[in-house]
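The chain contents come next:
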Amino acid sequence: FYVEGGLVREETDFPDNMVALSRTSSGFAHCPNYLLAVGTCAQDSIARFNPFSDDAFSPFRDGDRRKYGLSLSGGGDVLTYFFSGDMEKENGVYASNALDKVNFRGNVRAAVRENLALNVGTSYTSSDFSQPSNDNSVLSPILNGMFGAALFDHTSRDDAYYAFAPEVTAEDFFATQKIERFVGSLNSNWQPKSWLSVNATAGLDLYSLRDGQILRPNVAPIAATWVNGWAEESRGTNYNWTANGAL
C-alpha cells in the first residue's frame with residue numbers, strides 16, 4: 001500500500017503588461033508610439049501591471065495531487081497471483097483543470113495439470129480529464145492576460161484582461177477527454193510429449209475514447225453561434241483481437 005500527495009502551482013514568471021502615458025491636466029492619457037511620432041503627445045510615464053502575479057486577478061490557483069495504490073501477491077506451486085490497483089486525483093492550476101484516473105491489474109498463473117499451465121492477465125484503465133483552452137485561442141487565459149491593460153486602478157477582473165476574464169476562459173470554456181481501456185490475455189503452455197510443446201496466446205485490447213468541448217451560453221458573444229454556447233463530443237471505440245500459437 002502506498003500514498004502520494006503534493007501541491008500543483010504555476011511557477012512561470014510572466015512579463016508585466018506596460019503602457020506609455022502622457023501627463024494631462026486631468027491625470028494621464030494613453031500615448032502610443034504612433035501619436036508620439038507625430039507629436040500629438042509626449043510619453044512621460046510608464047504604467048505596468050501583471051494580472052498573473054496578483055492574487056485578486058490571477059486565473060491560477062493552487063492545485064493538489066493525490067495518488068493511492070494497493071497490491072497483493074502470493075500463491076504456491078500450483079497457483080500464483082498478483083493484483084494491484086491505484087487511484088489518482090489531481091486538481092490543476094485552473095478551475096476547469098482536473099484529472100480522475102484509476103488503474104487495475106491482475107495476473108494469475110495456474111498449473112492445471114502436470115503438463116498444462118495457464119496464464120491469465122488483465123488490466124483496466126479509466127481516465128477523466130478536463131482542461132481550458134490554453135494555446136492559440138481567443139479564449140486562452142494566458143493570451144487574454146498577456147494582452148491585458150496596464151492600468152493604475154482595476155475595479156474588476158475584466159479591466160485587467162484583453163477581452164475575457166478568467167471566469168470565462170478558465171471556467172466557462174474547456175475541453176474534456178474520457179478514456180476507458182481494457183486489456184486481457186490468455187496464454188496456455190501444454191506439453192503432451194517430452195518432445196512436443198504447444199503454446200497458444202489470445203488477447204483483446206478494447207479502447208474507448210470520448211473527446212468533448214463545452215462553452216457555456218452567454219459568456220463569449222464573439223459571434224451569433226457563440227452566444228448560445230455548445231457542448232459537443234466525439235466518440236470512438238476500437239477492438240483489437242490477437243491470437244497466435246506455436247509448436
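Because the structure is a prediction, the values reported are computed rather than measured. (Residues numbered from 1 in each chain as written. Predicted model: local features only at pLDDT ≥ 70, side-chain atom pairs only at ≥ 80, totals over all residues. Heavy atoms only, no water.)

This part takes up the layout of surface pockets. Space inside the largest pocket adds up to approximately 300 Å³. Lining the largest pocket are 14 residues, with Glu10, Phe52, Ser53, Ser58 and Phe60 positioned closest to its centre. (1 Å grid on protein atoms, 1.4 Å probe; cavity = no way out; pocket = protein on both sides within 12 Å on 5 of 7 lines; lining within 4 Å. Points joined across faces, edges and corners; volume = space filled by probe spheres on them.)

Another aspect to go through is unusual backbone geometry. Leaving glycine aside, a negative phi is the common case for residues, and trans is the common case for peptide bonds. Of note, the phi angle at Asn218 is positive, near 60°, even though the residue is not glycine. You can see Asn218 is positioned in the loop between strand E10 (196-215) and helix H4 (224-227). (Helix = DSSP H or I, 4+ residues; strand = E, 2+ residues; numbered from the N terminus.)

Our next topic: the pattern of salt bridges. The tally for this structure, following the rule as stated, stands at twelve salt bridges. With a closest N to O distance of 3.2 Å, Arg65 and Glu4 form a salt bridge. In this pair, Arg65 is assigned in strand E5 (residues 63-75) and Glu4 in strand E1 (residues 2-8), connecting sequence segments 61 residues apart. Notably, a salt bridge pairs Asp100 with Lys89, separated by 2.9 Å at the nearest N-O pair. In this pair, Asp100 sits in strand E7 (residues 98-113) while Lys89 sits in strand E6 (residues 79-91), placing the two residues eleven residues apart along the sequence. Among the residues examined, Asp100 registers a relative accessible area of 34% and is labelled partly exposed. It is possible to trace a salt-bridge network through shared partners that takes in Glu4, Arg65, Glu88 and Glu90. (Salt bridge = Lys/Arg side-chain N within 4 Å of Asp/Glu carboxyl O. Buried < 20%, exposed > 50% of the residue type's maximum accessible area, 1.4 Å probe, protein only.)

Nonpolar side chains in soluble globular proteins tend to be buried together. One finds Val19, Leu21, Ala47, Phe49, Phe57, Ala150, Ala160 and Tyr161 forming the largest nonpolar core, which totals eight residues. Listed by contribution, the elements that provide at least two residues to this core are strand E2 (17-24) and strand E4 (45-49). Once residues lying within four places of it in the same chain are set aside, the contact partners of Ala150 are Asn17, Met18, Val19, Ala47, Arg48 and Phe49. (Core = buried A, V, L, I, M, F, W, Y, C linked by side-chain atoms within 4.5 Å. Contact = heavy atoms within 4.5 Å.)

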